[in-house]
Amino acid sequence: MKNHFIAALMSLAMLSPAAHSEPAGAPAAESAAAKFKQVELAQLVANSKTETAGQRIIFAPVAVKFRAVLSDLPKQQKADYLKAALAAMQFSSPPQVRHRIGLDYGSEKALAAYIEESAAERMAKTLKPGDSRTFYAYHVYNNNRGPALLVVSFGD
């Protein structure tokens with residue numbers, strides 16, 4: 001399981017603008033995981049909501065990690081806007097995204113988050129709703145429901 005986590009972090013390190021500035025001799029897995037800033041998901045959601053429905057604010061993706069409870073396994077989801085946002089940020093190799101998951105963070109309604117395909121496949125095989133995990137994601141844009149997150153991996 002740890003190898004899947006490390007591989008996902010390394011394969012998606014290209015999303016981070018700082019990916020090319022690793023200190024010489026830094027262990028690859030440690031440097032990839034270190035890019036993800038610990039956040040409280042409830043606070044991130046509260047601070048990320050836009051005032052108007054349909055309004056979206058795109059910015060350079062921010063690598064975050066947080067603890068949450070999986071409320072919904074991967075389900076089909078269009079990701080056209082996410083792909084457009086990543087293209088606007090000039091990412092040459094955006095991840096494959098065709099699913100979303102639900103994340104329970106203590107609110108009445110779960111947060112829907114995009115999930116990268118290999119992480120979605122692994123999740124469908126190894127987790128069930130109600131499992132609590134640390135999720136590694138990129139905060140790509142904000143909308144009236146909160147942050148648009150692209151989950152790229154998860155760990156214990």
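Participant: It is not clear to me how the environment of Val39 should be interpreted in this structure. Could you clarify?
Facilitator: Note that Val39 resides in the loop between strand E1 (37–38) and helix H3 (41–48). Given the relative accessible area of 15%, Val39 is considered buried. Taking the C-alpha atoms as reference points, Val39 and Phe66, separated by 27 residues in sequence, lie 5.4 Å from one another. Here Val39 is in contact with Leu44, Val64, Lys65 and Phe66, once residues within four sequence places are set aside.

Participant: I would appreciate a short explanation of the packing of aromatic side chains in the present structure.
Facilitator: Two aromatic rings, taken as a pair, are described by how far apart their centres are and by the angle between their planes. Evaluated as defined, the whole model comprises 5 aromatic pairs. Where Phe36 meets Tyr136, the ring centres are 5.3 Å apart and the plane angle is 85 degrees; that geometry is what we call edge-to-face. Here Tyr136 lies in strand E5 (residues 132–143) and Phe36 lies in the loop between helix H2 (28–34) and E1, a separation of 100 residues in the sequence. Like Tyr136, Phe36 is buried. Given the relative accessible area of 5%, Phe36 is considered buried. Among the aromatic residues, ring-to-ring pairing joins Phe36, Tyr136 and Tyr138 into one connected group. Across from the ring centre of Tyr81, 4.0 Å away, lies the NZ or CZ of Arg56, which sits over that ring. Against the face of Phe154 rests Arg122, its NZ or CZ located 3.8 Å from the ring centre.

Participant: Could you clarify how one ought to interpret helix H4 (residues 80–88) in this entry?
Facilitator: Quick reminder: α-helices carry 3.6 residues per turn. Residues three or four places apart thus point the same way. Of all the residues in H4, the buried ones are Leu82, Ala85 and Leu86. Relative to the axis of H4, the buried residues are bounded by an arc of 95 degrees and lie together on one face. Looking at the packing, one finds that the buried side of H4 touches strand E2 (57–76), strand E3 (97–104), strand E4 (111–116), E5 and strand E6 (146–155). Residue Gln90 follows H4 closely and has a positive phi angle near 65 degrees.

Participant: Could you clarify how one ought to interpret the pattern of salt bridges in this entry?
Facilitator: Pairing is possible between side chains of opposite charge, provided their charged atoms come close. One pass over the structure, following the stated rule, counts 3 salt bridges. Note that Glu117 and Arg98 form a salt bridge whose closest N and O atoms lie 3.5 Å from each other. Pair noted here: Glu117 is in helix H5 (residues 117–126) and Arg98 is in strand E3, with a separation of 19 residues, a long-range link. For Arg98, a relative accessible area of 39% corresponds to the partly exposed category. The shortest N-O distance in the salt bridge between Asp131 and Lys128 comes to 3.2 Å. In this structure Asp131 comes out as buried when scored by relative accessible area, which is 12%. A relative accessible area of 52% places Lys128 in the exposed class.

Parameters at a glance
- Residues numbered from 1 in each chain as written.
- Predicted model: local features only at pLDDT ≥ 70, side-chain atom pairs only at ≥ 80, totals over all residues.
- Heavy atoms only, no water.
- Helix = DSSP H or I, 4+ residues; strand = E, 2+ residues; numbered from the N terminus.
- Buried < 20%, exposed > 50% of the residue type's maximum accessible area, 1.4 Å probe, protein only.
- Contact = heavy atoms within 4.5 Å.
- Phe/Tyr/Trp six-rings, centres within 6.5 Å; stacked < 30°, edge-to-face > 60°.
- Lys NZ or Arg CZ within 6 Å of the ring centre and 35° of its normal.
- Arc of directions from axis to C-beta.
- Salt bridge = Lys/Arg side-chain N within 4 Å of Asp/Glu carboxyl O.

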